[in-house]
Every structure is written in structure tokens, then in C-alpha cells.
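Listed below are the residues making up each chain.
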Amino acid sequence: MTQKHTFADLELNKWIIRQCATVGVKLPTPIQHNCIPEILKGKDCIGAAKTGSGKTLAFALPIVQKLCEDPYGIFALILTPTRELAYQIADQFAVIGKPMNLRHCVVVGGIDMVEQGIQLTKRPHIVVATPGRLADHLESCKTFSLSKIKFLVLDEADRLLSGQFDEQIKTIFKNLPKERQNLFFSATITDTLEKLKEVSNKDFFYYEAPSISDAVTVEQLEQLYVLCPRDVKDAYLAQVIRDFRSINEDGNVMIFTNTCKNCQVLSMTLNDVGFENVALHAMIPQKQRLAALSRFKSNTVKMLIATDVASRGLDIPTVQLVLNHTVPKVPKEYIHRVGRTARAGRPGKAITLVTPYDIKLLQAIEEHIKTKLVELKVDDSEVGKIFTQVSVTKSEAYLKLDEGDFYEKRLINKRKKWILDGLDPDEEEAKLLKKNKRKKHKKKSETK
Ligand code: ADP
Ligand code: MG
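Everything numeric in this text was worked out from a predicted model, so none of it was measured.

Participant: How do you make sense of the sheet that holds strand β7 (residues 204-208) when you look at a structure like this?
Facilitator: Pairing between the strands of a sheet comes from backbone hydrogen bonds, and it takes one of two forms, parallel or antiparallel. Strand order across the open sheet formed by seven strands is β3-β4-β2-β5-β6-β1-β7, with parallel pairing between neighbours. This sheet does not close on itself; its edge strands, each paired only once, are β3 (104-107) and β7. Averaged over all adjacent pairs, the angle separating strand axes in this sheet is 10°, with direction ignored. In the sheet, strand β5 (residues 151-155) pairs with strand β6 (residues 181-186) via five bridges, with the strands oriented parallel. What sits directly across from F151, in β6, is Q181. Set on the sheet, helix α2 (residues 30-40) makes contact with β1 (44-48), β5, β6 and β7; between it and β7 the angle comes to about 180°. On the sheet, helix α3 (residues 55-69) packs against β2 (76-79), β4 (126-129), β5 and β6 and is oriented at approximately 160° with respect to β6.

Structure (C-alpha cells):
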């Protein structure tokens, strides 16, 4: 049998181990005990393990240890694909680094750029950033420098290297020193990561958690599907939630769907039929997104409706049920979504709604995870009873959205256009607000 490893075995400083213990982190997870010693030795590292396996501390602990040997800013740069993840990573650094007064800065869109720029000039030890905003800073001002960083971390590396962020990453890499330690972490291994191994000219350490290809076939995870006609899907969804609530009144539920609009409409519909929930998608301003997430995390609201923006890496430990309102188009995305449940040894359930049009997608997923999903039968007569209510409520939700009750319609269209143009909707909105304010101010002073 494998012996138990402790953090002390990994040659971490005592105060770091103590700091971990204060947040209930007492024994290293496999990715931690495999990667931390190698990182401390100075090696580059590529680590792959499923969501929830503790990848953040696998890089944060050795970075903090090295930082306290020679503290200066900016010491490490962490890149991650989403804003929520950036905050989550920064939080972990803040907890671990508290005794050494670790300074960190989160650089993401949707937050005032000037204020952020000022924070960056104060030379934080750790910068946690999404690529877009950091690249903007690097292109617009040179009041801070990344030329001395010791560590570069790509968290969710496969997503960062999937092509979507190429331009920004190029800009960022141009500003980094050649001599640095690279740490790449991800839940799924893809061709990008394989390529990464080839190009890494330094001696790197590679760790892949066993059986990553069936990362979701954890024993405690029950994977089910419900076959339903497309037009009645939402009523089936409501019935599945009802059935779940009848046996688990307090359970937290996360529902995934495909687009921002569907997410918003579904959230409004379910709220109106009595399932209180919050929504998380890219068209919601950043501040509200964080607020929604914290209401869910603090258990104030027990249902979160999200697009895939939320499927990666977010640490929401108490989800009992993941519901796929739409079948993910890519099997990998399925793994990420259902990775929200059955974390850290707890039992969990994932139910996917499948229409006759989705059978191929379902088969692709089953092939990928090497597991057959089990059919869950839902009582048709119960579905029939709620069908009218759900579909009327849904039409009303569409109407409300179009009338601009929730967001001003013009703004939602603007945000849509910004997203399609590849711009950051939060940033553009902030610019617009500023411009309007200036205009108002000007008018006021003219009338004086
Ligand atoms: P990943 O990035 O692999 O998805 P995270 O780093 O977000 O996982 O960690 C998931 C959760 O597990 C976090 O709440 C974290 O605090 C907790 N955690 C990490 N390492 C340990 C550990 N060694 N023991 C107990 N909990 C841990
Ligand atoms: Mg992570």
C-alpha cells in the first residue's frame, strides 16, 4: 500500500504547514506530494489531475516558500482563463502568505484599469491575471515590469493554450524573462499540453494523476441521463429538480446550459416557478457575477444556473447535483461540468437531459469517459401537469428580457456585439458609463 505523505516530508517550511492546517489542509493530495518537491528543486512542471485535486496549492505552496527566501515584486505571474478562478487563486495565496504579508494583485477585466495599474506599480509579490486584461496593461503602460519574475504558472493550461488567447499570451510572453520556472496545471491532457512538453527546453517534471481519462468515473459519482422530447425539455428539468428536492431538500444544485441568453431565461423561469436561483454567465457584469457566486457559495441560494464559464476549476465544494440542461458539445466540457460534484470523496449525482437530437453527443461522451450513463425515468404524467406553467413562464421570461426589464435592451445588444467583436463587455461598458458621465457633467457646466 502507498504510505501516507505529510507536508513535512515535502520540505515545506513549518509556518507554511501551520498556515495550511488553519484552513483544514493537513495532508498533501497526490498531485501536491508529487509536484511540490520537484518545483522546490527548481524544475519546470506539468501537472494533470482532475478538478478538485488541489492543483492550486501544488503550485502556490512552493512559490510562497521560494518567495519568502527572497521576497520581491513581481515574483510570480499566474495566468488563468476566467476571472472567478483568478479571485479564487488569489484567495489561496492570501491565506498561505498571510504571515509574511504577501502582497498580491488580481488583474482581470471588468475592474477599473487605472486603479489596477496603480496596484501593479506597487510591486505586488504575486500577480494573478486573465490574459486579456494583463496584455492590455502591458500594451498601454510600462509602469510595472514582469522582467524579473521567477515563476510563470498557467492554470487550466490546456484552455489557455487552446488558441483563444494566443494573441494575448504572445504579448505577455514577450515581457517575461527567458530564465524562469514554468508550471503548467490542467485537469485534462490535450495535444496542446503534449506540444508543451516538446517545446519545454528545460528539464521538466511531468506528473499525470492515474486514470485521468476516466476522471469522472469516480465511484461516488452517479451519472444518469433523462431522455425527453425537445419541446418539453424545460418541464422535464423542473420535474427532475422536484424529484431531487423531495429527497434532498437542502442539496445544492448546479445547472449548466449552452448560451448566455438561455441561461438568463432559464434562471428567470425557474425563479418564477419557485426554484430560487442565481445565474452566472458572461453577459452579467463582473460585480454581479461575484455577488451571485458568493450567494451560492454561502448557501444563501441553493441553485446556480451557469454557462461553461463556471464549469472550470471553480471551487464550490457542496454541490450534490449537476444538471446538464444541454448536452455539452465536447466530451471534455462534460468532465469539467460534472467535476463540480462528487468532489473530495463526497457522493454526487450528474443528470444530463438528452433529446433525440443529442444521442450522438451522448455517445461521444460515453466513449470518452468509458462509462455508460444510466437512464433515469421521470414520471411523464407529473411532467404533463407542470408543462403549461413552465412554458408560459418561459415565454414571459423571453418577453421580459426583450422588453429590457432585466437589462436595458440596448445595453444587452451592445454587450452582445462587444462579445462578438472579441472585446471585453465589462470593460466596454465601463468606458461607456464613463463617457456618459463626462457628457452629463459637460452639459451641467454648460447650463450653469
Ligand atoms: P483543482 O485546482 O485541482 O481543481 P483546488 O486547488 O481548487 O483544486 O482545490 C479544491 C479544494 O480542495 C479547495 O477548497 C482546497 O482548499 C482544497 N484542498 C487543496 N489541497 C488540499 C489538501 N491537501 N487537503 C484538504 N483540502 C485541500
Ligand atoms: Mg484549479
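Participant: Can you help me understand the layout of surface pockets in this one?
Facilitator: Here the idea is plain: a probe the size of a water molecule rolls over the atoms and shows the empty space left. Each pocket or cavity is described by its volume, and for the largest pocket that value is around 1200 Å³. Along the walls of the largest pocket sit 37 residues, with Q164, I419, L423, D424 and P425 positioned nearest its centre. Going through the elements one at a time, α6 (131-140), α8 (166-174), α11 (260-272), α16 (409-420) and α17 (425-447) are the ones with two or more residues in the lining of the largest pocket. The element best represented in the lining of the largest pocket is α6, accounting for six residues. For the lining of the largest pocket, a count of residues per class yields twelve nonpolar, eleven polar and 14 charged.

Participant: Got a minute to help me understand unusual backbone geometry in this structure?
Facilitator: Most peptide bonds adopt trans geometry, and most residues besides glycine take a negative phi value. I74 follows G73 through a cis peptide bond whose omega is 5°. Tracing the backbone through its elements, the reader meets I74 in the loop between α3 and β2. At E11, a position not held by glycine, the phi torsion is positive, near 65°. Mapping E11 onto the fold places it in the segment before α1 (14-22). Look at K370: it is not a glycine, yet its phi comes out positive at around 50°. With respect to the helices and strands, the residue K370 is situated in the loop between α14 (359-369) and β14 (374-375). Its relative accessible area of 60% is what places K370 among the exposed residues.

What counts, and where the lines are drawn
Residues numbered from 1 in each chain as written. Chains lettered and ligands numbered in written order. Predicted model: local features only at pLDDT ≥ 70, side-chain atom pairs only at ≥ 80, totals over all residues. Heavy atoms only, no water. Pairing = 2+ DSSP bridges. Helix = DSSP H or I, 4+ residues; strand = E, 2+ residues; numbered from the N terminus. Axes fitted to C-alpha atoms, helices over the stretch in contact; angles between N-to-C directions. Contact = heavy atoms within 4.5 Å. 1 Å grid on protein atoms, 1.4 Å probe; cavity = no way out; pocket = protein on both sides within 12 Å on 5 of 7 lines; lining within 4 Å. Points joined across faces, edges and corners; volume = space filled by probe spheres on them. Nonpolar A, V, L, I, M, F, W, Y, C, P; charged D, E, K, R; others polar. Buried < 20%, exposed > 50% of the residue type's maximum accessible area, 1.4 Å probe, protein only.

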